[in-house]
Amino acid sequence: MNGLVMGAIYALSAAGVSLVAGVMRVINFSHGEFYILGAYFSYYFSVSLGLNPVLAAVVAMGFLFLIGLFIERTLIRSTYGQPMQSMIITFILSIVLQNIALISFGPYPKKPPAFSEDSVHFIGDFNYGIQRLIAGSSSLFLFCLFYLFIKKTRFGLKIRAVAQDPQMAEAVGIHSKRIRLVSFGLAVALAGAAGVVLSPTFPVVPTSGEPLTLSAFVVIVFGGMGSIRGCLMGGLLLGLAENFGSAYISTMYSQVFGFILLIGIILFRPTGIYGNKI
Amino acid sequence: MATKSKRSIKWLIGISIALAALLLPKFASDYGIHIAIISLFYVLMSSSWNLVAGFTGQVSFAHAAFAAIGAYASSLMAIHYNLPIPLTIVFGTCIAGTLGHVLGRLCLPLGGTYLSLVTLSFAEILRIVITNEDQWTRGTMGLQVPGIFRDYSKTKYYLLFLAITVFAVLGLNLLIRSRMGLRFRAVMDDEIAAASVGVHTTNIRVLAFTLSSLIAGLAGALYGHYAMLISPDIGSLAQMFLILAMTMIGGLGSIEGPIFGAILLEVLSEQIRSFGEYHLLVFGVISLLIVRFAPQGLAGLLRRQRWKLF
């Protein structure tokens, strides 16, 4: 159960990395930092400004979308086609954002108000926090929304076209620069959404972006870079693996299972289950 | 044209730097020597990171982690088996090199992107393992490490670090100017072209990565026996970032850049430290600006003025 919930969450947080990797051929090492920014924004809007938590969440995502546009325009655009430059830039960016968060929000865990504090009773003595269920199901909901957006809308079609072949896309009149700009904004907003949804359950500190970025990498390598279905499969698998691992082996090492999984995939099926590779 | 006078100026500068470096312990305070030693550690680290990033075009995020491996492997050997320190340093260096070789063999056939992803998670996992296995490593409390010299003297440590750093940097310089260095750059500039003239691109990349992990392990082991107290922080991503920032600010892909960047940033961070823990943020912003507007770093800016040191 916990594995499935975590799986949905991992899938959502990897979706943004996957989108950016697919469309822009850029591995975003600062994804996790946008996640904590989302959490901090929703905390501030709901606690300090007293907004309704759901409204605060939407405002926070909007803000992150704008931040994403700004960062693409100023930092990422000049690095297209140079994977090393973009990795270095996003890595530095992650350190900068972490330290900004540390200075402006302090080192202590911050937690926006929960949507619900109750837990549900399943069969027997099995209790499960409603907030976790909400986190899991809203992750799944947002993920499906994103999936439909990419697969069913005209804009999603353009995004997929640019991902497949930027030059062909340009040739049929798609403004690929603009598509990349919006994709990056969207990815950052998705990271923020994950932060908004998760922070009531898992309070954030300035360094909690790192594990999220790493699990997103495991998921996209497993699912194949740029594949959205792969994200969901990879997320669920990672969630279950970590859950079983910590139940039967050790709780301290839940991240280590992700790493073992990563090495395993690279050894045996480097293109991921849906066969994409950068 | 002006080559002769230029060369003699170069020699003059080189000799005066060497003299200054050798005479430093005579004039500097203990604190000054300490900063110099730490700077030399960073010179080793960023020069060897630069070998991979600047000359073969791949980003390793586990460079600080390899230093941690070197430090912990050497210290644990010295503590538990009472072996002579020079031997344990060699051991730590070899462990780091071996792990680097394995990681490189695993990831590099798939391309540099995979190396970056895997090294980043490797670094995090290593930090978690060191923190959690506290019956061995004493976790975040820090492990007390025996020193190299029986009677503690900063000057001795300084001269040791200086000798090893000069040796390593000269070695790297020779390597890069050799035919092997040509292959490194060929692999970075155009992989397909390099492969078509018979360069085994994966082997070349693995070689560079192994060598650089080896030097990182050596630097880490030396650092551990100098500081006499090591914690998982030596392998942290913040440390990794410092090494990266030193190389980027100094100048990626040049010999003098990382040396200059390492000394500059170490001295600066000691100055900034008195205002609080802002040095990471400041260096982050500076290195973003450098990467964005002057990707060749300060060395590149100087070179544009036709002022090449080496």
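Below you will find a few notes about this structure. (Residues numbered from 1 in each chain as written. Chains lettered and ligands numbered in written order. Predicted model: local features only at pLDDT ≥ 70, side-chain atom pairs only at ≥ 80, totals over all residues. Heavy atoms only, no water.)

1. Overview of the overall build of chain B
- Counting its secondary structure elements, chain B contains 14 helices and two strands.
- Sequence-distant contacts in chain B: of pairs separated by 6 or more residues, those separated by 24 or more amount to 78%.
- For chain B, the exposed area adds up to about 14,200 Å²; of that, 67% sits on carbon and sulfur atoms. (Helix = DSSP H or I, 4+ residues; strand = E, 2+ residues; numbered from the N terminus. Contact = heavy atoms within 4.5 Å. Areas by Shrake-Rupley, 256 points an atom, 1.4 Å probe, with all protein chains shown as cover.)

2. Structural notes on the nonpolar core
- Ranked by internal contacts, the top residues of the largest apolar core, which has 179 residues, are Phe29, Phe34, Ile88, Phe91 and Phe217 of chain A together with Trp49 and Phe66 of chain B.
- Excluding its chain neighbours within four sequence positions, the residues that come into contact with Phe217 of chain A are Val17, Ile27, Asn28, Phe29 and Leu262 of chain A together with Leu117 and Leu120 of chain B. (Core = buried A, V, L, I, M, F, W, Y, C linked by side-chain atoms within 4.5 Å. Buried < 20%, exposed > 50% of the residue type's maximum accessible area, 1.4 Å probe, protein only.)

3. What about the packing of aromatic side chains?
- Applying the stated rule across the entire model yields 11 aromatic pairs over all chains.
- On the numbers, 5.1 Å between centres and 75° between planes, the contact of Phe29 of chain A with Phe217 of chain A is edge-to-face. Here Phe29 of chain A is found in the loop between helix H1 (2–24) and helix H2 (31–48), whereas its partner Phe217 of chain A is found in helix H9 (residues 209–223), with 188 residues between them in sequence.
- When its relative accessible area of 1% is taken as the criterion, Phe217 of chain A is described as buried.
- Seen from their ring centres, Phe66 of chain B and Phe209 of chain B are 6.0 Å apart, and the 70° between their planes marks the pair as edge-to-face. Taken together, the residues span a long stretch of sequence, with Phe66 of chain B in helix H3 (residues 63–81) and Phe209 of chain B in helix H10 (residues 201–227) at a distance of 143 residues.
- The buried category is assigned to Phe66 of chain B, whose relative accessible area is 0%. (Phe/Tyr/Trp six-rings, centres within 6.5 Å; stacked < 30°, edge-to-face > 60°.)

4. Things to note about the interface of chain A and chain B
- With 36 residues of chain A at the contact, the number on the chain B side is 38 residues.
- Overall, the association of chain A and chain B removes approximately 3,700 Å² of surface from exposure, summing both partners, and the carbon and sulfur fraction of that is 82%.
- Counting every contact that joins chain A to chain B gives one residue pair in polar contact (both at pLDDT 80 or more).
- At the level of secondary structure, the elements contributing two or more residues to the side of chain A that touches chain B comprise helix H3 (53–76), helix H4 (83–105), H9 and helix H11 (254–268) of chain A.
- The element that contributes the greatest number of residues to the side of chain A that touches chain B is H4 of chain A, accounting for 13 residues. (Buried area = accessible area lost by both parts, 1.4 Å probe. Polar contact = N/O pair within 3.5 Å; in protein donor to acceptor, adjacent residues only side chain to side chain.)

5. Side note on the packing of H1 of chain A against H9 of chain A
All names here are of chain A.
- Packing of H1 against H9 leaves a shortest axis separation of 8 Å and a crossing angle of 75°. Of the possible angle classes, the one that applies to H1 and H9 is roughly perpendicular. From H1, Tyr10, Ser13, Ala14, Val17 and Ser18 reach across to H9, where they touch Leu212, Ser215, Ala216, Phe217, Val219 and Ile220.
- Split into classes, the residues belonging to the contact of H1 with H9 amount to eight nonpolar, three polar and no charged. (Axes fitted to C-alpha atoms, helices over the stretch in contact; angles between N-to-C directions. Parallel < 35°, antiparallel > 145°, perpendicular 65-115°, else oblique. Nonpolar A, V, L, I, M, F, W, Y, C, P; charged D, E, K, R; others polar.)

6. Some words on the pattern of salt bridges
Residue and element names in this part refer to chain B.
- Taken as a whole and judged by the stated rule, the model has one salt bridge over all chains.
- The shortest N-O distance in the salt bridge between Glu124 and Arg127 comes to 3.1 Å. Of the two residues, Glu124 and Arg127 are both situated in helix H5 (residues 112–132); the distance of three residues between them amounts to about one turn of the helix.
- Exposure remark for Glu124: the relative accessible area of 6% places this residue in the buried category.
- Classification of Arg127 as partly exposed rests on a relative accessible area of 31%. (Salt bridge = Lys/Arg side-chain N within 4 Å of Asp/Glu carboxyl O.)

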